Each structure stands twice: as structure tokens, then as C-alpha cells.
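A look at the structure
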Amino acid sequence: MSRELSERRGLETTVYQAAEDSRLVAEAAIEAVEPEWLVLDCGTGSGYVGERIASEAGARVVASDLNPHACRRAREHGLDAVRANLTESFRSGVFDAVCFNPPYLPTDPDAEWDDWMEVALSGGESGRAVIEPFLDSVGRVLAPDGVVLLLVSSLTGVESVLERAENAGFGATTLREESFPFETLTVLKLAR
């Protein structure tokens, strides 16, 4: 996928467009989410995942992204969108589910670009620079029986992500998994 995304950089430089990872998260969420739930589509990008959850699962979705262009794009998809860094702008205990397709590509700091697409793609040197603070904070915004649907790539060290999730009080099950020549993508369901 990283090769495909790098080739697409010239086409879209402000908002992450749906790709295999987005499709996998959306499909897992559609099966896991109940119609009456309030769902946070964290790091919404184009709004693809949130729009599919709203239209196919019937849940109410709030989209969030640090990127103002992504928030605008999500609103164009009919979503309520909030410019926010991960979960810090939301009240405690409000979401029945939080879906997150994080920036996960391991990136050499010397090779990073200074643009919104880099923010959407780069997971820092380990690939977990955004995943780890997300795992540390997401429990605060979940309702008592709330769940997290998190996409993880084999490039980021799935075992390290599982260990961090466990340290944050979550048990994990695998909802979806798909292999590609260069990585395996997994959607984890995290619950307390």
C-alpha cells in the first residue's frame, strides 16, 4: 500500500483518500456497530469510513481529524465533523464505539514531508507514534460497554500494539485481516 499511496501523492496532497485499510475498517465497523450507537470516526480523512457506518449500520457518527481539509471533506459526506487531536476534544464516556485507521507507516524522520498527507500517513519511526497516545487516551471517551475498532499493520509491530492496548486495560480480538505482498492489515476490536 505504501507504494500505491506514494504514487497517489501527486493526485491528493491534503486529504487521505480511502484505500484498502479504509475499506477493511468500514466493513468491520458495519458488522460490529449497532444502529443506536454514537460512533467516533477518529482521523476521518475523506470521511469514507464514517459515511459507510452512518449509511450502512445506521449509527450516528461524529467524524474528527486534525486536518481542517479532512473535516471539510467529511462534512461534504454528510458527517458532523470536529477538528480535534485524537480524542482530547470530547467529553468522557460518550461514544459507544471509536473507529480509527491511524497513520501507521514507519517513516524515517529525515524523509518526512511537511504536508497534510504526511500527517495522515506517518506513524513515526516505529509506526506507532499516533497509535500509542490514542490507546492511552481512548478509554476516557468510551461509554461503559464501548469498543474500539483499530486498524493495525504488520509494519507497526502488532504485538507491541496489543501489549500497549492491554496496558491501557483492553482485551483484543481480531475482526478482520487481509494480507498484501508488503504487509498484513488487521482490524482489532478492543474492549474492557
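Residues numbered from 1 in each chain as written. Predicted model: local features only at pLDDT ≥ 70, side-chain atom pairs only at ≥ 80, totals over all residues. Heavy atoms only, no water.

Moving on: helix 2 (residues 20-32). Along an α-helix, residues three or four apart share an orientation, since each turn contains 3.6 residues. The end-to-end C-alpha separation of helix 2 is 19 Å, in line with the 18 Å expected for 13 residues at 1.5 Å each. Restricting attention to buried positions, one finds in helix 2 the residues D21, S22, L24, V25, A26, A28, A29, I30 and A32. In this structure, the buried residues of helix 2 make contact with helix 3 (48-57), strand 4 (95-100), strand 5 (142-153), strand 6 (171-179) and strand 7 (184-191). (Helix = DSSP H or I, 4+ residues; strand = E, 2+ residues; numbered from the N terminus. Expected span 1.5 Å × (residues − 1). Buried < 20%, exposed > 50% of the residue type's maximum accessible area, 1.4 Å probe, protein only. Contact = heavy atoms within 4.5 Å.)

Moving on to the sheet that holds strand 2 (residues 60-65). Reading across from one edge, 3-2-1-4-5-7-6 is the order of the seven strands in this open sheet, with mixed pairing throughout. Where the open sheet ends on each side, the last strands, each with one partner, are strand 3 (80-83) and strand 6. Geometrically, the sheet is characterised by an average inter-axis angle of 20 degrees between neighbouring strands, direction not taken into account. The sheet contact formed by strand 1 (residues 38-42) and strand 4 spans four bridges and is parallel. From the neighbouring strand, V39 faces strand 4, where its bridge partner is A97. In this fold helix 2 packs onto strand 4, strand 5, strand 6 and strand 7, with an angle of close to 130 degrees to the strand it touches most, strand 6. Sheet contacts for helix 4 (residues 68-76): strand 2 and strand 3; angle to strand 3, the most-contacted strand, approximately 175 degrees. (Pairing = 2+ DSSP bridges. Axes fitted to C-alpha atoms, helices over the stretch in contact; angles between N-to-C directions.)

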